Structures are given as C-alpha cells and as structure tokens.
Amino acid sequence: MLELKNLDASYGFLQILWDVSLTVEDGEFIGLIGPNGAGKTTVMRTIAGLLTPMGGEVLFKSRRMNAVPAHRTTKMGISYISESLNLFVDMSVRENLLMGAYIVRDRDRQLETLEFVYQLFPRLKERERQLAGTMSGGERKMLAIARGMMSNPQLLLVDEPSLGLAPHLVADVFHSLQTLQEAGVTILLVEQRVNATLEITDRAYVLEQGRIVMEGPSSELMTNKHIKSAYLGI
Amino acid sequence: MQFETSLIHSLRRAVTTRLPATIVLLGTLVLSIVVGAAGGIAQVVNSIVTGGMWALMAVGLALVFGVMNVPQFAHGESFMVGAYVAYFVFNPIHKTLQDNPDAFLAFVAPLLAIIAAGVAGFILGLFLEKVLFYPLRLMSKAGEWVMNAFLLTVGISFILTNGTTLVLGANFRGVPRYWDAEPLTILGAPISVDRIMAFLIATGSIGALWFFLRRTRTGRAIRAVSQDEIGAQMMGINLNFIYPLTFGLATAMAALAGASLLFLFQAYPTVGLNPLYLAWYVVMMAGLGNVAGAIVGGFVVGILQTATQQFAGVVWADVIPTVVMIAVLLVVPSGIFGSEVKGISER
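Just so it is clear, the structure is predicted and the values come from calculations on it, not from any experiment. Positions within a chain are numbered from 1, following the residues in the order the chain's sequence is written. Chains carry letters from A onward and ligands carry numbers from 1 onward, assigned in written order. For this predicted model, a pLDDT threshold of at least 70 governs which residues receive local features, and a threshold of 80 or more governs which side-chain atom pairs are given and counted, while totals over whole chains, interfaces and linings are taken from all residues.

**Student:** Is there a simple way to explain the overall build of chain A in this structure?
**Tutor:** If you tally the helices and strands in chain A, you get 10 helices and 10 strands. For a compact globule of 234 residues, the expected C-alpha radius of gyration is about 17 Å, and chain A comes in at 17 Å, within 12% of that figure. For the C-alpha atoms alone, the extent of chain A along its principal axes is close to 45 × 40 × 30 Å. To sort residues by burial, count the other C-beta atoms lying within 10 Å of each one's C-beta; a count of 20 or more means buried, 12 or fewer means exposed, and anything in between means partly exposed. C-beta atoms are built from the backbone. For chain A, with 234 residues in total, the buried portion stands at 45%. Residues are defined as contacting one another if the C-beta atoms placed from their backbone atoms lie within 7 Å. Partitioning the contacts of chain A with sequence separation of at least 6, the portion at a separation of at least 24 is 66%. Secondary structure counts use DSSP, requiring at least four H or I residues in a row for a helix and at least two E residues in a row for a strand, with both numbered from the N terminus. For a compact globule the rule gives 2.2 Å times the number of residues to the power 0.38, and the radius of gyration it is set against comes from C-alpha atoms.

This is the structure we're talking about:
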C-alpha cells in the first residue's frame, strides 16, 4: 500500500532523513520506533504531504506522491494524526469530527462513521458539545484519533499517541488502534514506547539518527540484543 | 500552593476574559441612555445604524486577519470601490427614473446598486488574493508573512486611491438619497428609510456570514483554517480555495458598507480612510481576529462616536475613541473579547 524508496528529507539546510526505505502492505500494522529526534515525525510529515522530500520516492498504491500537497493526500486515503494533534480548539467535539469528514460529501456516510467512532470512544459522545480546547489530554488524544478516522482512511498514520498520557489511557488508545486494524485499516504507528508497540504491531522499523537501522517482525525485534539494551533496558 | 496559583490564575482569567467585556457593554448601555436622554432617540438610532456599518467593516478585517494573518490596510479602498460601483449603477437608473417614473424600479434600483457593489467587491478580493497575496505567500519565509502582507496592503491602498484619482478625478460623487420616501417614525423619532435599509443590510449580511461560518461545510472549513492551518490541511481543506474565498468575502462586506452609506459619505478617492481607521479601531479593541467581538465592537464604537460628537464636539471625534482604545489595550492587551488568532508567531 505504501512504499518509501531511499527517502531523503530536510528542513531548509538541515537534513533529517537519509535513505529511508520502508513498505507497508495492505492491512498491516507497522511500528516505527526510535529515540527522540531520530526523524520519526519527519517520516510521517513527508508521507502526509506536509513536507516535500528532497530525494527518493513516496509511493502510495503505486502512485508517486512526492509533490502531492497534504489536502490531496487526505483525499487519496491517507489520514495523519499528528503528535501535536492539531485540533480545532474553538470547535465542539462534534464539529471537530465533522471537519474530519470534510472530504466525505455524503451526509449519511458521515453520520455512519460518526456513530462508529462514538462506539469506539463513548467518552466523546458524552462530550459531544464541549469545546475541544477545554478537554483533558487523554480526551484530546481520543478526539484526534477519532477525527483522523472520520475520512474513512485506508492508511492511518499515528504519531506518538502515548505522549503525555496516563498509563491506563495509553492502554485504551493502543486497544482502539488494534480494533481499527481488525476493522481493516492499515496503520503506521510512530512510538517511543517500544515494548507496547512491539506487542501490538506485525512488523517494525527502527529509525536512528535519520536512518533505518533495523527492521523485522515485531516478535523477533523484541528478542533482539540491540533493541533490548537500547530501548527496553534489559 | 497549587490551589493558590490555580485560584489566582482562574481569577485572572475571569477578569481578563469576561470583566472587560462586561464593563464595556455596561458602559455602552449607560452611554446610549445618556445620549438618548440628551439628544433624543434619533441619535441612538443613528449611532446603531453607523455602528452596524462599522461592524460590517470590522468583521471583514477580523476574518482576513484571523484566517490569513493579513493585517488589511486596504480595507478602506474596498469601501471606496463599493461606493463608486453603487454610484455608477444607481445614477443612470435614477436619471431615467426622473423622466419616466416607475415605483417598482425606484424601490429596486438602490438594492441593485448595493448588490452590484458587493459582487464587485467579491471579485476584487478574489483578484487581489490570486494575483498578489498568493505569489507573496509562496515567496515569504517563515516569520516574514505578516509584515510582507501588511506592506502589500498599504501598497494596494496607495495604488487604488491614486489610481481612482487619476481615472475619475477627486470629485465627490454622491446621491442625496436612495429611497425617495417619507422617514419612518421609530420610538417617536423620524428615521430616514436609507438609514433603516443600511441597518437591515448590515445586520442581514452579518447574519448571513455568521450562518455561513457556523452551519455550512465551507464556512466551517474557513473557521478550521483560522484555528489550525496544518490541521485544516490534514482534513483535506485546500488553502488555495479558502484564502481567496475569505478575502473575497471580506472585501465584499466592505464594499457593501461603502455602497449602503453612499447617501451619507459620497464617493471620492479617499473616502475609505475614516472607515478603515474605525474598523481597525473596532478590531483592535475587540480582539484581533475575533469575528464575534468585531460585531459587538462595531456597535460600541458607533455609540462612542455619537456620544463624543454630542458632548465634546466634532473635533474630538477621533481623539476620544483613540484614547479609549489605548486605555483598553493597556488593561487588556488581547482586546476586550480576547484574540482568537493562532499561529502568528509561526509565520
């Protein structure tokens, strides 16, 4: 579904990514792990079209996406849930979710998806009329994920959903991602919680200092020596 | 300790977000009662009419600043263009009407002129955005945009004002009145039909805009862009569609104001200057980019203006409102209704 070929990316003169290649097959749940500042978010931003790569290729369903702007990638089926969430803080929960379905013109389908995400996050239904800016961190996170699903994406890019969340909420969020995968959504998850990520993903890539240093089935990576010492502290 | 800081914080929040608005609104109410008692109801009604127009102007400014981060200093020229378009549409019809009277046409002609001005304003806005602001946005580096856009609007203002003088001359072109009808009596005060229509047009346009922003898909998208531009793009919103639309709407509203007030202001190249200052004054006092605040602020300024003229004399008309604005900004720098603008520092 998604393929990155020898991707180089930079902000101005500052190069962040070197020669990054990864593939995500239909229906897979892929993890992208690595330390702070490794360039994980840059990978996501490039796929989402918020950043134009300086070299290499981004292929989505075999189409070259290098110069496709963010609003078009959304229409093509990619949904990006960013680390900073980018919620519309002066809009209600419901309005935020309806904005998520901006590209879905069919009203009935919008409401159908709305029901689906409300089932997944009953909390959001309770808070339907509340302004997004007045919600707690965990609720905002849920709202961002729910909003990202409102466009009925084929590929969901989730950036550090656990950041700043209480541990029991992290479990909730990871559980909802699993539910989504079971519903047929392909997911690329960026995380610093290596253990939890390797437990729920099918395969994973390890990004360090802008390069992919390791890849493989998650269960294998979990027993890998480098991963164990660098990330799991065992 | 935790409690104390959060208490102080919430108190401060309450004081800085609600109290100024309450004080200003109460003050306005008292002021309008005083004006009414001293100068008659007609004065109050008149200030509400002009207040509605400042609100219409200010809403456009607030929208453009909130959505595009453009400090629009050519907004007065949109007012001026509206006034001219209305004049050139209305005048020929008016002349033919003198030879062969027609009650229906006499009623419709002013409306036609005002609508034509609105459409012309919208097209002008689209054109300016596509031809000038779009390329500027591509060239501006992060952090430069607000200043660049400001300079561009000042340039547009110069060119439109002087271009108009060059082509049409510096003459005043006005209409004595739009609707040739007896003044209506409201609360015992005679109010001309022109003023009533101007008020209806202002409130109608603001109401329509409000409905558009709150209830329609595209309107929501405009608000989304003003709240989080990156988030909006991630939802599939095309900024190259939203920006021209917003700019067109704002320009159209200023043009509507210029056209509706033609009977009061006439059309001449620098007619927009005073409305521009007043609209900026409203927006700064209400909170930059705050559309709802701009609506209320317009009426507040309308009353303040009338009161100044009545109690201090016309020469003070610009001084007192400016002093009030400075006082307001000293106490609440983000404006009495608070600023909703996001991402200024990122540009």
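That shown, we press on.
**Student:** How do you make sense of the domain arrangement of chain A when you look at a structure like this?
**Tutor:** Reports of interface size often rely on the accessible area that becomes lost once the parts have come together. All names here are of chain A. Considered domain by domain, chain A is made up of domain 1 (1–77 + 156–234) and domain 2 (86–152). Between the C-alpha centres of domain 1 and domain 2 the distance comes to 23 Å. Taken together, the elements giving at least two residues each to the side of domain 1 that touches domain 2 come down to α2 (70–76) and α7 (167–182). Tallying contributions element by element places α7 first for the side of domain 1 that touches domain 2, with five residues. Here the side of domain 1 that touches domain 2 is built from residues that sort into seven nonpolar, four polar and one charged. As used throughout, domain bounds are those supplied by an automatic or database domain assignment. Polar here means any residue outside two lists: the nonpolar Ala, Val, Leu, Ile, Met, Phe, Trp, Tyr, Cys and Pro, and the charged Asp, Glu, Lys and Arg; Gly therefore counts as polar.

**Student:** What should I look at first to understand helix α4 (residues 107–120) of chain A in this one?
**Tutor:** One turn of the α-helix equals 3.6 residues, which is why residues spaced by three or four share an orientation. Residue and element names in this part refer to chain A. Expected helix span is given by 1.5 Å per residue-to-residue step, counting one fewer step than there are residues. Its 14 residues place the ends of α4 20 Å apart at the C-alpha level, agreeing with the 20 Å of an ideal helix rising 1.5 Å per residue. Every buried residue belonging to α4 is among Q110, T113, L114 and V117, and all of these are buried. Around the axis of α4, the buried residues are gathered within 110° of arc, so they sit on the same side. Away from the buried face of α4 by more than 90 degrees, exposed residues D108, L111, E115 and Q119 are located. Where α4 is buried, its residues meet α3 (93–100), α5 (122–126) and α6 (137–149). Taking the helix axis as origin, the arc is that swept by the directions to the C-beta atoms.

**Student:** Explain the environment of A198(B) here, please?
**Tutor:** Residues and elements named next belong to chain B. Looking at where A198 falls in the secondary structure, it is placed in helix α7 (residues 193–215). For A198 and T306, which are 108 residues apart along the polypeptide, the C-alpha to C-alpha distance reads 17 Å. Among all residues touching A198, those that are not within four sequence positions of it are V49, M53, S260 and L261.

**Student:** Just checking my understanding: could you explain the packing of helix α2 (residues 19–39) of chain B against helix α3 (residues 41–68) of chain B for this structure?
**Tutor:** A packed helix pair is summarised by two numbers, namely the angle formed by the two axes and the spacing between the axes. Residues and elements named next belong to chain B. Lines fitted to the C-alpha atoms define the axes, with helices restricted to the stretch that makes contact. Angles between their N-to-C directions range from 0 to 180 degrees. Where α2 contacts α3, the two axes come as close as 6 Å, and the packing angle between them is 135°. Judged by the inter-axis angle, α2 sits oblique to α3. Packed against α2, whose contacting residues are S32, V35, G36 and G39, the element α3 presents I41, Q43, V44 and S47 at the interface. Of the residues in the contact of α2 with α3, the class split is three nonpolar, five polar and no charged. By definition in this entry, angles of less than 35 degrees are roughly parallel, angles greater than 145 are roughly antiparallel, angles of 65 to 115 are roughly perpendicular, and the rest are oblique.

**Student:** So what exactly am I meant to see when it comes to α3(A) here?
**Tutor:** In terms of burial, α3(A) is a largely internal element, six of the eight residues being buried. Listing the buried residues of α3(A) in full gives V93(A), N96(A), L97(A), L98(A), M99(A) and G100(A). Check the buried side of α3(A) and you find it contacts α4, α5 and α6 of chain A together with α8 (217–227) of chain B.

**Student:** What is the right way to look at the interface of chain B and chain A in this model?
**Tutor:** Counting residues at the interface gives 16 residues for chain B, matched by 19 residues for chain A. Of all the secondary-structure elements, those providing two or more residues to the side of chain B that touches chain A are α8 and α9 (229–234) of chain B. Looking at the side of chain B that touches chain A, the element that brings in the most residues is α8(B), giving six residues. Partitioning the side of chain B that touches chain A into residue classes produces six nonpolar, five polar and five charged.

**Student:** Sorry if this is basic, but what is going on with the sheet that holds strand β7 (residues 155–159) of chain A here?
**Tutor:** Picture the strands of a sheet paired through backbone hydrogen bonds; they go either parallel or antiparallel. Residues and elements named next belong to chain A. In short, DSSP must find at least two bridges between two strands for them to pair. The six strands lie next to each other as β6-β7-β8-β3-β9-β10, forming an open sheet whose pairing is mixed. Two strands close off the open sheet at either side, each with one partner strand: β6 (78–81) and β10 (211–217). When strand polarity is set aside, the average angle formed by the axes of neighbouring strands in this sheet is 15°. In the sheet, β6 pairs with β7 via four bridges, with the strands oriented parallel. Counterpart to I78 in the pairing with β7 is L155. The sheet contacts of helix α1 (residues 40–48) involve β3 (29–33), β6, β7, β8 (186–191) and β9 (203–208), and relative to β7 the element is tilted by about 150°.

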